[in-house]
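Observations on the model geometry
So you can see what is in the structure, the chains are spelled out below.
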Amino acid sequence: MNNVTARDLCLRPGAALLLLTTLGLLLIFALPQGTTAQSKPVAATPPMGWNSWNKFGCDVSDKLIREMADAVVSSGMKDAGYQFVNIDDCWQVSRGADGTIVVDPERFPNGMKPLADYVHSKGLKFGVYTDAGRMTCQKRPGSFEHEAQDIKTYASWGVDYVKIDWCYAEELEPDVQYPKFRDAIAQAGRPIVFSICNWGVKAPWTWGPHTGNLWRTTGDISDKYDSMSLIGFSQDGLGKFAGPGHWNDPDMLEVGNGGMKHEESILTNPEVIAVDQDAKGVQGHRVWDEGPLEIWVKPLADGSQAAGLFNRGESALKITLDFKTIGAPASGKLRDLWAHKDLGTVQNSYTAEVPKHGVVFLKVSK
Ligand code: GAL
């Protein structure tokens, strides 16, 4: 597809749920995987980029991925911080006699290395998908018993991100299988973001922080507000497992795929993305709810707090942010992050009308 705009891109974080990811990503434990004294940690902030699955399913090709890389640049997504261009399921067809994974020769006639080089030439990073079981969810060869071999192959192509699924793995244990990939990545000698995709099975937030850089916390998102909001709002409480280098993953965005309204899906607001990418890396949490209304808060590196006033209801409603609820001083400076507008110094509380399925997103500082 030519002239792809931001609205045609189904994007990940990471995020979501853009705002929920924004509020919903967050802090703690092991040293970020791949960290050395000299290098920048892998996934120090939630990885942002594009993934083929939610828009194109199995209809992936060399041509499509090049076009998407071009579009990430021309649409302004790259400037907004989106870095990765990731191929999901269906790029692989079989294994060679020595077990090496074989790329679909019709859809990727140049092989993966030239495609990775192209994506890199745009100043972007390149990702692929595999499965820890015997087959991928679309019945392509999985990486079971080929863990180190596959990671080595990906590293030789210049892969920067690998998403590892959990289909056809019924008799396997995720906390046994996934560490094999972690160890293979460490051996491969290339920083690779390791995305665990086992849909929350066996509480990946408990073993994920010392295994990968992010782990899916739920089943698949679909292109509807209900799906997106159920996933996003269910992240409350998982913040204590996450932080720089290891994040909860509430699945990919569905922005631009057609099923959501303007209020439900926005991608490139820089002040909102800055909250998602804040260096403190503390996940947002719910501080108040009443009926369809919720307030979530995320502390930021500069000592301020981001506060999302969400209306999950079916008509516009007023929400009051009481500064006491978020432990802020009685007098606070407010900024509307969507509108990029200072609201001045406010005493004790702030009330806003929030559209149906919308959010008023504020920064509260001293
Ligand atoms: C699912 C996964 C999706 C997508 C799909 C591909 O298991 O959650 O995000 O990768 O497999 O078949």
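Scroll up a little and you will see the structure.
As the structure is a computational prediction, the values presented were derived from the model and not from experiment.

Our focus in this paragraph is the overall build of the protein. In terms of regular secondary structure, the protein is built from ten helices and 18 strands. For the protein, with 366 residues in total, the buried portion stands at 55%. Pairs at least 24 apart in sequence give 71% of the contacts found in the protein among residues at least 6 apart.

As a further point, take the pattern of salt bridges. Applying the stated criterion to the full structure yields 21 salt bridges. E171 is paired through a salt bridge with R134; the nearest N and O atoms lie 2.3 Å apart. Taken together, the residues span a long stretch of sequence, with E171 in the loop between strand 7 (161–165) and helix 7 (174–188) and R134 in the loop between strand 6 (125–131) and helix 6 (147–157) at a distance of 37 residues. Residues D236 and R286 are paired through a salt bridge, measuring 3.6 Å at the closest nitrogen-oxygen approach. Of this pair, D236 sits in the loop between helix 9 (225–233) and strand 10 (247–249) while R286 is found in strand 11 (residues 285–290), placing the two residues 50 residues apart along the sequence. Since its relative accessible area comes to 28%, D236 is described here as partly exposed. Salt bridges sharing common partners tie together D236, R286, E294 and R312.

Taking every second residue as pointing to the same face, the buried face of strand 15 (residues 331–336) carries G332, L334 and D336, while none of S331, K333 and R335 on the other face is buried. In the sheet, strand 15 pairs with strand 16 (residues 341–347) via six bridges, with the strands oriented antiparallel. Along strand 16, the bridge assignment pairs R335 with D342. Pairing between strand 15 and strand 18 (residues 359–365): four bridges, direction antiparallel. Across the sheet, K333 pairs through a bridge with S365, a residue of strand 18.

What follows covers the site of the ligand. Residues in contact with the ligand amount to 13 residues; listed here are only the nearest, D88, D89, K163, D165 and D220. Note that an oxygen atom of the ligand is positioned 2.6 Å from one of the side-chain N or O atoms of D88. Measuring from an oxygen atom of the ligand, one finds a side-chain N or O atom of D165 at 2.8 Å. The fraction of the free accessible surface of the ligand (310 Å²) that becomes covered by protein chains is 96%. Its residues placed into classes, the shell around the ligand shows six nonpolar, one polar and six charged.

This part takes up the packing of helix 3 (residues 62–74) against helix 5 (residues 112–121). Where helix 3 contacts helix 5, the two axes come as close as 10 Å, and the packing angle between them is 10 degrees. On the basis of the axis angle, helix 3 is roughly parallel to helix 5. Between helix 3 and helix 5, the contacting residues are D62, I65, R66, A69 and D70 on the first element and P114, L115, Y118 and V119 on the second. Residue classes in the contact of helix 3 with helix 5 are distributed as six nonpolar, no polar and three charged.

Okay, the sheet that holds strand 13 (residues 305–311) next. Strand order in this open sheet of six strands is 11-12-13-18-15-16, and the pairing throughout is antiparallel. Looking along the sheet, the strands with just one partner apiece sit at the ends: strand 11 and strand 16. Across this sheet, the average inter-strand angle for adjacent strands is 25 degrees, counted without regard to direction. Two strands pair when backbone bridges link them, and strand 13 and strand 18 are joined in this way by six bridges, in the antiparallel orientation. Along strand 18, the bridge assignment pairs Q305 with V364.

This paragraph deals with helix 6. E147, D150, I151, T153, Y154, A155 and W157 are the residues of helix 6 that are buried. Buried residues along helix 6 sit against strand 4 (92–95), strand 5 (101–103), helix 5, strand 6, strand 7 and helix 7. G158 sits one or two positions beyond helix 6 and adopts a positive phi of about 95 degrees.

Procedures and definitions
Residues numbered from 1 in each chain as written. Predicted model: local features only at pLDDT ≥ 70, side-chain atom pairs only at ≥ 80, totals over all residues. Heavy atoms only, no water. Helix = DSSP H or I, 4+ residues; strand = E, 2+ residues; numbered from the N terminus. Buried < 20%, exposed > 50% of the residue type's maximum accessible area, 1.4 Å probe, protein only. Contact = heavy atoms within 4.5 Å. Salt bridge = Lys/Arg side-chain N within 4 Å of Asp/Glu carboxyl O. Pairing = 2+ DSSP bridges. Near = heavy atom within 4 Å. Polar contact = N/O pair within 3.5 Å; in protein donor to acceptor, adjacent residues only side chain to side chain. Areas by Shrake-Rupley, 256 points an atom, 1.4 Å probe, with all protein chains shown as cover. Nonpolar A, V, L, I, M, F, W, Y, C, P; charged D, E, K, R; others polar. Axes fitted to C-alpha atoms, helices over the stretch in contact; angles between N-to-C directions. Parallel < 35°, antiparallel > 145°, perpendicular 65-115°, else oblique.

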